[in-house]
Amino acid sequence: MAVLPTKGNLIATKHSLELASTGYELMDRKRNLLTREMMGLISRAQALQSQIDSTFTNAYEALMLANVTMGKTIHIAESVPVDQSVELRYRSVMGVEIPTVLGDDASRSLQYGLSVTNSALDDALVKFNLVKELVRELAELENTIYRLAYSIKKTQKRANALQNIVIPGYEATIAAITDALEEKEREEFSRLKVIKAQKNRE
């Protein structure tokens, strides 16, 4: 849309350009901070995944030992209630809703009688509870990474729009208005010179 070449419009467009430039700087800073945060979380998630793999292996080995020393433990497993203590909460970080996965430590308590079990089963229980905590932490991390990546993509789009479309548009408008005003000033100056020359001849 063409803007009338007036001083008022020139001032308004310069103000809009200033706001757009500030907006771009803020978006760029936000993108960089979120990217740095996400990269740190990716490293943590990779280390945690490796820890989960080894902990799962140890837990299954402990369960196999319990099965060997006690016979099948499936009947004991069926008596353990399902853990429904997991709770999801959110906190805002730079406008991004980040999940926090909470759990109840009460699930660590023994849910079976000691008279028909041995320490091998207790060891398996401890190790599987550790797996559960690690998986909970990994789920929180991976969800956070996904949300940060989505926010970075959205911020990148907005920053690109400001940098490549909005700001150049304002700059072009300012240049056009400035040229038009300077042309008017030159015409006015020439007109005044002609009028002055006519008056001097008279």
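Details of the structure are given in the entry above.
Anyway, here's the lowdown on the structure attached to this text. In this numbering scheme, every chain counts its residues from 1 along its sequence in written order. Reporting of local features is limited, given that this is a predicted model, to residues whose pLDDT is at least 70; pairs of side-chain atoms are given and counted only at 80 or more, and all residues count toward the totals for whole chains, interfaces and linings. To get the side-chain values, all heavy atoms of the structure are used, and hydrogens and water are removed first.

1. A short note on the layout of surface pockets
Buriedness of a pocket was judged along seven lines, with at least five required to meet protein on both sides within 12 Å; pockets are open sets of points on a 1 Å grid over the protein atoms alone, cavities are sets where a 1.4 Å probe fits but cannot get out, and lining residues have an atom within 4 Å of a point. Grid points are joined across faces, edges and corners, and a volume is the space filled by probe spheres set on the points. Approximately 160 Å³ is the volume found for the second largest pocket. As for the second largest pocket, its lining consists of Glu37, Leu41, Arg44, Arg91, Val93, Ile98, Glu140, Leu141, Thr144 and Leu148. Elements with a minimum of two residues in the lining of the second largest pocket: α1 (7-70), β1 (87-93) and α3 (119-201). To qualify as a helix, a DSSP run of H or I must reach at least 4 residues; to qualify as a strand, a run of E must reach at least 2; elements of each kind are numbered from the N terminus. With 4 residues, the single largest contributor to the lining of the second largest pocket is α3.

2. Structural notes on the side chain of Thr13
Positionally, Thr13 belongs in helix α1. It only takes one pair of heavy atoms within 4.5 Å for two residues to be counted as in contact. Ignoring sequence-local partners within four residues, the contact set of Thr13 consists of Tyr170, Thr173, Ile174 and Ile177.

3. A few points about the environment of Asp53
Turning to its location among the elements, Asp53 is positioned in helix α1. Considered as a pair, Asp53 and Val131 are 78 residues apart in the sequence and their alpha carbons are 8.9 Å apart.

4. Notes on α3
A helix is expected to reach a length of 1.5 Å times the quantity of its residues less one. The end-to-end C-alpha separation of α3 is 120 Å, in line with the 123 Å expected for 83 residues at 1.5 Å each. Working definition for bend: take the seven residues up to and ending at a residue and the seven starting at it, fit an axis to each, and measure the angle between the axes. The largest bend in α3 is about 40 degrees, located at Leu162.

5. Let's talk about the nonpolar core
The criterion is simple. A nonpolar core is a set of buried Ala, Val, Leu, Ile, Met, Phe, Trp, Tyr and Cys residues joined through side-chain atoms within 4.5 Å. Relative accessibility under 20% of the residue-type maximum defines a buried residue, over 50% an exposed one, and the middle range a partly exposed one, all with a 1.4 Å probe and only protein chains included. Counting 14 residues, the largest nonpolar core has Leu48 and Leu148 as its most contacted members. Elements with a minimum of two residues in this core: α1, β2 (96-102) and α3. When near neighbours in sequence (up to four residues on either side) are disregarded, Leu48 contacts Leu134, Glu137, Leu138 and Leu141. Grouped together as the second largest cluster of nonpolar side chains are 10 residues, Leu17, Tyr24, Ala159 and Ile177 included.

6. Some remarks on the packing of α1 against α3
For the pair α1 and α3, the least separation of the axes is 4 Å and the interaxial angle reads 165 degrees. Put simply, α1 runs roughly antiparallel to α3. The chirality of how α1 crosses α3 is left-handed. The residue inventory of the contact of α1 with α3, partitioned by class, reads 42 nonpolar, 18 polar and 12 charged. Simply put, an axis is a line fit to the C-alpha atoms, just over the touching stretch for a helix, and the angle between two N-to-C directions goes from 0 to 180 degrees. Each angle receives one of four descriptions, namely roughly parallel if under 35 degrees, roughly antiparallel if over 145, roughly perpendicular if within 65 to 115, and oblique otherwise. Crossing handedness is defined as follows: a turn of the near helix away from the far one that is anticlockwise and smaller than a right angle gives a left-handed crossing, while the clockwise case is right-handed. Residue polarity follows a fixed list, in which Ala, Val, Leu, Ile, Met, Phe, Trp, Tyr, Cys and Pro are nonpolar, Asp, Glu, Lys and Arg are charged, and the others, Gly among them, are polar.

7. A closer look at the pairing of β2
Of the strand pairs in this sheet, β1 and β2 are connected by 7 bridges, and their pairing is antiparallel. Residue pairing for β2: Arg91 is matched across the bridge by Ile98. In this description, strands pair whenever DSSP reports at least two bridges between them. Count of turn residues in the β1/β2 antiparallel hairpin: 2 residues, of which Met94 carries a positive phi of about 55 degrees.

8. A word on the pattern of salt bridges
Salt bridge criterion: a side-chain nitrogen from Lys or Arg within 4 Å of a carboxyl oxygen from Asp or Glu. Per the counting criterion, the structure on display carries 5 salt bridges. Two residues, Arg89 and Glu87, come together in a salt bridge whose shortest N-O distance is 2.9 Å. A salt bridge links Arg186 to Glu183; the nearest nitrogen and oxygen atoms lie 2.8 Å apart. Taken together, the residues Arg186 and Glu183, both in helix α3 and 3 residues apart, mark about one turn of the helix.

Fair warning: the whole summary comes from geometry, so function is off the table for now.
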